[in-house]
Structure formats: structure tokens, C-alpha cells
Amino acid sequence: MKHFSNIIIGFGKAGKTLAGTLAKHGEEVLIIEKDPNMYGGTCINVACLPTKNMIINAHRGIEYEVALKKKNALTAMLRNKNYHKVADLQEATVLTATAEFLDDHTVRVSDNSGQETLIADRIFIPDYSCTKFLITAKSVKYDKSP
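Please read these numbers as outputs of a predicted model, since none were measured by experiment. (Residues numbered from 1 in each chain as written. Predicted model: local features only at pLDDT ≥ 70, side-chain atom pairs only at ≥ 80, totals over all residues. Heavy atoms only, no water.)

1. Some details on the pattern of salt bridges
When charged atoms on two side chains of opposite charge get close, those side chains can pair. Taken as a whole and judged by the stated rule, the model has three salt bridges. Taking the shortest distance from any N to any O, the salt bridge between Glu100 and Arg108 comes out at 3.5 Å. The exposure class of Arg108 is partly exposed, given its relative accessible area of 25%. (Salt bridge = Lys/Arg side-chain N within 4 Å of Asp/Glu carboxyl O. Buried < 20%, exposed > 50% of the residue type's maximum accessible area, 1.4 Å probe, protein only.)

2. Describing the nonpolar core
Counting 14 residues, the largest nonpolar core has Ile8, Phe11, Ala19, Leu22, Ile31, Val86 and Val94 as the members making the most contacts within it. Of all the secondary-structure elements, those providing two or more residues to this core are helix 1 (13–24), strand 2 (29–33) and strand 3 (92–96). Take this core: its biggest share by element is four residues, from helix 1. (Core = buried A, V, L, I, M, F, W, Y, C linked by side-chain atoms within 4.5 Å. Helix = DSSP H or I, 4+ residues; strand = E, 2+ residues; numbered from the N terminus.)

3. Quick word on helix 4 (residues 64–87)
One turn of the α-helix equals 3.6 residues, which is why residues spaced by three or four share an orientation. The end-to-end C-alpha distance of helix 4, which contains 24 residues, comes to 34 Å, matching closely the 34 Å that a straight helix rising 1.5 Å per residue would cover. Within the sequence span of helix 4, burial applies to Ala67, Lys71, Thr75, Leu78, Arg79, Asn82 and Val86. Along its buried surface, helix 4 packs onto helix 1, strand 2, helix 2 (42–45), helix 3 (48–59) and strand 3. (Expected span 1.5 Å × (residues − 1). Contact = heavy atoms within 4.5 Å.)

4. Brief notes about the confidence of the model for the chain
Chain-level pLDDT for the chain is 89 on average; 87% of the residues reach the 70-or-more range. Low pLDDT (under 50) marks residues 130–146, which in the prediction has 22 contacts with non-local residues, meaning those over four places away or in another chain. (pLDDT = per-residue confidence, 0-100.)

5. Focus: the packing of helix 3 against helix 4
Angle between the axes and distance between the axes are the two parameters that describe a pair of packed helices. The contact between helix 3 and helix 4 brings their axes to 9 Å, and the two run at 150 degrees. Relative to helix 4, the element helix 3 lies roughly antiparallel. Relative to helix 4, the crossing made by helix 3 is right-handed. Across the interface between the two elements, Leu49, Pro50, Asn53, Met54 and Asn57 from helix 3 touch Tyr64, Ala67, Leu68, Lys70, Lys71, Leu74, Thr75 and Leu78 from helix 4. (Axes fitted to C-alpha atoms, helices over the stretch in contact; angles between N-to-C directions. Parallel < 35°, antiparallel > 145°, perpendicular 65-115°, else oblique. Left-handed = near helix turned anticlockwise from the far one by under 90°.)

6. Overview of the packing of aromatic side chains
Applying the stated criterion across every chain, the model contains two aromatic pairs. With a centroid separation of 5.0 Å and 50 degrees between ring planes, the pair formed by Tyr39 and Tyr83 is classed as tilted. Of this pair, Tyr39 sits in the loop between strand 2 and helix 2 while Tyr83 sits in helix 4, and the two are 44 residues apart along the sequence. Under the relative-accessibility criterion, Tyr83 is labelled partly exposed at 26%. Members of the aromatic cluster, connected to one another through ring pairs, are Phe11, Tyr39 and Tyr83. (Phe/Tyr/Trp six-rings, centres within 6.5 Å; stacked < 30°, edge-to-face > 60°.)

Laid out in C-alpha cells, this is it:
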């Protein structure tokens, strides 16, 4: 079994922010996202930004097919930037897979190549609607809040 200091399940706004903060403080991080088209989360991929982009383009009189291509280009660019904000950090690893809890410190990940069991000191399922991250095993001390 591979061991990680931190596993984060979900590459949305909160997951990428937490992964970046931990990695920049020298903490080893594995972030797991089941869908490569969701790096960066709901807002940039399927909700806020694509919707607003389509509305703006409609108000500008841009044909639907052209507006759709513009929206797809925008989300692809944002997804790529979000991916590299984490993946390019030395202490961070990104894994595209599903994750299933086996216990408080163990997850089984599955992708097209098979399954693997991973253990971690801390496992996070971040939700950006929360103002503070819940930490399962031990507290982390930083100069600033993540």
C-alpha cells in the first residue's frame, strides 16, 4: 500500500486550494478527481462561468454554435490552469480515479488500469461552502489560514 501524508478527494475550488496550501508548506499531497473534465470544480466547468459566458454571448447576438465553442475554449483553458496550479507543485500528485473509503485512513482508488489501496495520515473531502477545513488526524500550524 502506498502511503501519503494527505489525500484530498475532489479537485474543486476547496480541494485545489487545500492541496496548494499543504504542498507549499512542504506537505505531501495526493488529490483525487474522478473526472478530468472537472479539474477546478463545478463553477468553472459547468455552472457559474460557462453559464455567464453563454448569457453574455447570447446578449451580444453570437450564434449558439459559436458561443458554445467559445464557452468550451474558456472552460478548457481554466481547467488546464487549475490542473497545473496543483500538478506542477513538487509535493503534489494528481490522480484521476474514483475513491472509496475503507476506513478512516484508507481509500481504494479505481481507474481504467485497476484498483489500488492507499493510506494517509489525513484524508479530506473539502467543501468550499465551509469556512474552515476539517482535519481528521492532527492539526496543522500555519502562519496564515488556508
